[in-house]
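Residue-level listing of the chains:
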Amino acid sequence: MANDPQYALIADAIKHGLKNVDKYYKKTSDSNVYFICLVLDPNYKLAYVEDRWDTQDIADGRAHLEALFDEYYKPPTRAPPKDPAC
């Protein structure tokens, strides 16, 4: 788009904008939150990343998700049995 003569007047702004998009998109790799949000979002789930990401990134994301799950998951406690006299 930046090379299209129609946009010659704003080509520099387009190029700088694309650099900013690239800069911040790369920051998603620095955090596990992006992967986890995609997988937990019912609109995307794991199928989205399996279709678009490379195998190693998927494996890394899954490992981080499983580690966080194990760290924060608390199994439900069993309710005490009801007193039959009540």
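No experiment lies behind these values; they were computed from the predicted model shown.

Caption draft 1: Representation of the overall build of the protein within the structure. Of regular secondary structure, the protein possesses four helices and zero strands. For the protein, the α and β elements follow one another from N to C terminus as α-α-α-α. In summary, the protein has a C-alpha radius of gyration of 23 Å against a globular reference of 12 Å for 86 residues, an excess of more than 25%. Viewed in the frame of its principal axes, the protein has a C-alpha envelope of about 85 × 30 × 20 Å. Taking all 86 residues of the protein together, 13% fall into the buried category. The contacts of the protein with a sequence gap of at least 6 include a subset with a gap of at least 24, amounting to 21%. Accessible surface computed for the protein: about 7800 Å², of which carbon and sulfur atoms make up 56%.

Caption draft 2: Representation of the nonpolar core within the structure. Counting residues in hydrophobic clusters, the biggest one holds six residues: Phe35, Ile36, Leu38, Val39, Leu46 and Val49. Elements supplying a minimum of two residues to this core: α2 (33-40) and α3 (45-52). The element contributing the most residues to this core is α2, with four residues. Aside from chain neighbours lying at most four places away, what touches Leu38 is Tyr44, Lys45, Tyr48, Val49 and Trp53.

Caption draft 3: Representation of the packing of α2 against α3 in the model. Where α2 contacts α3, the axes come no closer than 5 Å and their chain directions differ by 125°. As the angle between them shows, α2 and α3 are arranged oblique. Residues Phe35, Leu38 and Val39 of α2 touch α3, and the partners they reach there are Lys45, Leu46, Tyr48 and Val49.

Caption draft 4: Structural detail: unusual backbone geometry. Non-glycine residue Lys45 carries a positive phi angle of around 60°. With respect to the element layout, Lys45 can be found in helix α3.

Caption draft 5: Region of the structure containing the environment of Arg78. Following the sequence through the fold, Arg78 ends up in the segment after α4 (55-72). The exposed category is assigned to Arg78, whose relative accessible area is 81%. Put simply, Arg78 and Thr55 are 23 residues apart on the chain and 39 Å apart in space, counted from C-alpha to C-alpha.

Caption draft 6: Region of the structure containing the pattern of salt bridges. Summed over the entire model, instances satisfying the criterion amount to two salt bridges. Notably, a salt bridge pairs Lys26 with Asp22, separated by 3.2 Å at the nearest N-O pair. Of the two residues, Lys26 and Asp22 both sit in helix α1 (residues 11-26), four residues apart, roughly one turn of that helix. Asp22 gets classed as partly exposed once you look at its relative accessible area, which sits at 36%.

Caption draft 7: The confidence of the model for the protein, seen in detail. Looking at the protein, pLDDT values average 86 and 95% of them are 70 or higher. α4 holds the highest mean pLDDT among the elements of the protein, 91, whereas α2 holds the lowest, 88.

Here is what the cut-offs are and how they apply
Residues numbered from 1 in each chain as written. Predicted model: local features only at pLDDT ≥ 70, side-chain atom pairs only at ≥ 80, totals over all residues. Heavy atoms only, no water. Helix = DSSP H or I, 4+ residues; strand = E, 2+ residues; numbered from the N terminus. Rg over C-alpha atoms; globule rule 2.2 N^0.38 Å. Buried < 20%, exposed > 50% of the residue type's maximum accessible area, 1.4 Å probe, protein only. Contact = heavy atoms within 4.5 Å. Areas by Shrake-Rupley, 256 points an atom, 1.4 Å probe, with all protein chains shown as cover. Core = buried A, V, L, I, M, F, W, Y, C linked by side-chain atoms within 4.5 Å. Axes fitted to C-alpha atoms, helices over the stretch in contact; angles between N-to-C directions. Parallel < 35°, antiparallel > 145°, perpendicular 65-115°, else oblique. Salt bridge = Lys/Arg side-chain N within 4 Å of Asp/Glu carboxyl O. pLDDT = per-residue confidence, 0-100.

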